[in-house]
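Structural description and commentary
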Amino acid sequence: IVFNVNRNALGVEITKIVGNRQLRKRMHVGIEHIKKSRCNEDFLKRVRANDRKKHDAKLLGETVNCKREPEGPKDMKMVEAKEEDVLVLAPLPFIENYF
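Notes on the structure in this doc start here. Since the model is a prediction, treat every value here as computed from it, not as a measurement. (Residues numbered from 1 in each chain as written. Predicted model: local features only at pLDDT ≥ 70, side-chain atom pairs only at ≥ 80, totals over all residues. Heavy atoms only, no water.)

Pairing of strand β2 (residues 9-18) with strand β3 (residues 21-30) involves 10 bridges; the strand directions are antiparallel. Bridge assignment links Ala-9 to a residue of β3, and that residue is Gly-30. What sits between β2 and β3 in their antiparallel hairpin is a turn of two residues, with Gly-19 showing a positive phi close to 65 degrees. (Pairing = 2+ DSSP bridges. Helix = DSSP H or I, 4+ residues; strand = E, 2+ residues; numbered from the N terminus.)

Dropping the structure here:
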């Protein structure tokens with residue numbers, strides 16, 4: 001959050017974790033260290049695509065599902081190997097050493 005603009009610095013509010021709480025701190029940062037946040041770009045791109053899908057579906061008289069779907073499990077794979085390539089691991093036998 002920007003709270004002040006100077007000719008060579010920008011006043012920003014940041015959150016600092018102190019113990020179990022977050023404190024809001026205000027500090028001035030040089031312009032060369034500031035860049036615009038890109039965290040909202042994918043959301044806005046998805047909103048535009050969903051609006052386009054809804055508009056096209058409305059023209060065709062259909063309904064469209066705009067919700068995000070999870071990827072789901074991967075397809076099954078069969079692992080084939082020759083009998084001599086398979087190595088069976090077993091624990092070493094217990095040896096009682098009573099001296």
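Still more ground to cover, so stick around.
This part covers the sheet that holds β2. Strand order in the open sheet formed by three strands is β1-β2-β3, with antiparallel pairing between adjacent strands. In this open sheet, the two edge strands, each paired with only one partner strand, are β1 (2-5) and β3. Averaged over all pairs of adjacent strands, the angle between strand axes in this sheet comes to 30 degrees, irrespective of strand direction. (Axes fitted to C-alpha atoms, helices over the stretch in contact; angles between N-to-C directions.)

Look at helix α1 (residues 41-60): 29 Å from first C-alpha to last across 20 residues, which is about the 28 Å you get at 1.5 Å a residue. The first or second residue beyond α1 is Gly-61, which carries a positive phi of 75 degrees. (Expected span 1.5 Å × (residues − 1).)

Attention now goes to the pattern of salt bridges. In the structure shown here, the tally under the stated rule is three salt bridges. Residues Glu-13 and Arg-24 are paired through a salt bridge, measuring 3.4 Å at the closest nitrogen-oxygen approach. Highlighted residues: Glu-13 in strand β2 and Arg-24 in strand β3, separated in sequence by 11 residues. For Glu-13, a relative accessible area of 16% gives the class buried. On the basis of relative accessibility, which here comes to 65%, the residue Arg-24 falls in the exposed class. A salt bridge links Arg-26 to Glu-13; the nearest nitrogen and oxygen atoms lie 3.0 Å apart. Separated by 13 residues along the polypeptide, Arg-26 in strand β3 and Glu-13 in strand β2 bring together distant segments of the chain. Via salt bridges that share partners, Glu-13, Arg-24 and Arg-26 belong to a single interconnected network. (Salt bridge = Lys/Arg side-chain N within 4 Å of Asp/Glu carboxyl O. Buried < 20%, exposed > 50% of the residue type's maximum accessible area, 1.4 Å probe, protein only.)

Nothing here speaks to function; it is all geometry.
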